[in-house]
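Summary of the model geometry
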Amino acid sequence: MNWDDTTDTPAVERLVGASADREDQAVEAALRPKVLGEFIGQERVREQLDLVLRAARARGATADHVLLSGAPGLGKTTLSMIIAAEMDAPIRITSGPAIQHAGDLAAILSSLQEGEVLFLDEIHRMSRPAEEMLYMAMEDFRVDVIVGKGPGATAIPLELPPFTLVGATTRAGLLPPPLRDRFGFTAHMEFYEPHELERVVHRSANLLAVEVEPDGAAEIAGRSRGTPRIANRLLRRVRDYAQVKADGVITREIAAAALAVYEVDARGLDRLDRAVLEALLKLFGGGPVGLSTLAVAVGEERETVEEVAEPFLVREGLLARTPRGRVATPAAWAHLGLTPPRSATGGNGQQDLFGA
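Here goes a summary of the coordinates provided. Each chain carries its own residue numbering, running from 1 in the written order of its sequence. Local features in this predicted model are restricted to residues whose pLDDT is 70 or higher, and side-chain atom pairs enter the listing and the counts only when it is 80 or higher, whereas totals over whole chains, interfaces and linings include all residues. As a rule here, side-chain values cover all heavy atoms of the structure and leave hydrogens and water aside.

To qualify as a helix, a DSSP run of H or I must reach at least 4 residues; to qualify as a strand, a run of E must reach at least 2; elements of each kind are numbered from the N terminus. Broken down by element type, the protein chain carries 14 helices and 9 strands. A total of 356 residues make up the protein chain; the buried ones form 47% of that total. Residue contacts are counted whenever heavy atoms from the two residues lie within 4.5 Å of one another. In the protein chain, the share of contacts with a sequence separation of at least 24, taken over all contacts with a separation of at least 6, comes to 72%. The Shrake-Rupley method, run with a 1.4 Å probe sphere, supplies the accessible areas, and residue values consider only the shown protein chains as cover. Total accessible area computed for the protein chain in this model is approximately 16,300 Å², and 51% of it derives from carbon and sulfur atoms. The cut-offs for exposure are 20% and 50% of the maximum accessible area for each residue type, with area from a 1.4 Å probe on protein chains only; residues under the lower value are buried, those over the upper are exposed, and the others partly exposed.

Right under this line is the structure:
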């Protein structure tokens, strides 16, 4: 279990959404692994990070600044807490949107203890003045505090104790190069494979005192969209169903029946995902169709379709974004059990995404 807390996408409550609500945050606090050896998945990142932390401990120094990037729910917040635990250091947690002025950041930095870990979530959303102050703090462990205004303003240098900054971002491309370059270690979190998510489900089930059979864990993992946070959320909903409708044991049949109630299908698509695909296939013959038109057809905002539904559909190969508009792939027709019209396929049976 590996999770994060925030995202830039519109607020839409979804069982398969990767952002964390208050219930998720409360449960995740109990489920999070405490040390690197308990962290499931992300093997390359774990191996590299272990070397960084062990070397720092051997030198008796603070660890290098760490930048973690990747989609919500993959483990950035959890890894930041593990870094602090492995370095036997306290951790301070804040986020980019909470730092709107350089003074906000100066107040946090000036109160850090030596060796403390500062976790800055959604670091790409920090204000520019605070970002520029962070450059000097990361490199020289010093900040210049401006006292006064106008011609009489004075910059007072303030020395900082050595600390480790752990930055997390869902959009690494929005970070300016000067900030990225000041991180000693950068890691990108990948989506999880089903067998890794099965381990996540089994571990969480043990902590929650839920009995889950291997095929039940596999069923939940296969619908979790490669994200541990979603796997844990589905596990809790299936647990509720098993306790009310069955004997409390999660089997493949129970998991499938429970997730059918919550409208999460075998590939992890929910009501919104299927509504987008059905509109694209049934109303527009598979496309191409403009995003605004597609959004009106499903009764959602344009931003909701583009930022909430489309990323997973594209990643699953069910939808393609082309210069002419959104186009369904052959896999989309097959998933909904529909036969594509002849105009939607080329002579070789493959869909013509560009209308050639």
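Having seen it, we continue.
It is worth spelling out the side chain of H65 at this point. Residue position: H65 is located in the loop between α2 (43–59) and β1 (66–69). In the analysis that follows, any N or O atom pair within 3.5 Å is treated as a polar contact, provided that within protein one partner can donate a hydrogen and the other can accept it, and provided that, for residues neighboring in sequence, both atoms belong to side chains. Separated by 2.9 Å, the side chain of H65 and the backbone nitrogen of L165 make a polar contact. The contacts of H65, once residues within four sequence positions are left out, are M138, F141, F163, T164, L165, R182, F183, G184 and F185.

Across a sheet, strands are paired by hydrogen bonds formed along the backbone, either parallel or antiparallel in direction. In this description, strands pair whenever DSSP reports at least two bridges between them. Taken in spatial order, the 5 strands line up as β2-β3-β6-β1-β7 in an open sheet, and their pairing is parallel. In the strand order of this sheet, the two ends are held by β2 (91–95) and β7 (185–188), each with one partner. For this sheet the average axis-to-axis angle between neighbouring strands, irrespective of direction, equals 15°. Only the contacting stretch of a helix is used when fitting its axis, a line to C-alpha atoms as for every element, and angles between N-to-C directions run 0 to 180 degrees. Each of β1 and β7 is contacted by α2, which is oriented at about 165° to β7, the strand it contacts most.

As a further point, take the nonpolar core. In this description, a nonpolar core means a group of buried Ala, Val, Leu, Ile, Met, Phe, Trp, Tyr and Cys residues linked to one another through side-chain atoms lying within 4.5 Å. Formed by 48 residues in total, the largest nonpolar core has its most connected members in L49, L79, I220 and I250. Top element by residues in this core is helix α9 (residues 228–245). It accounts for 7 residues. Sequence-distant contacts of I250, defined by excluding residues within four places in its chain, comprise V210, E211, V212, E213, G216, I220, L235, V238, R239, A242 and A255. Grouped together as the second largest cluster of nonpolar side chains are 24 residues, L109, L120, M126 and L134 included.

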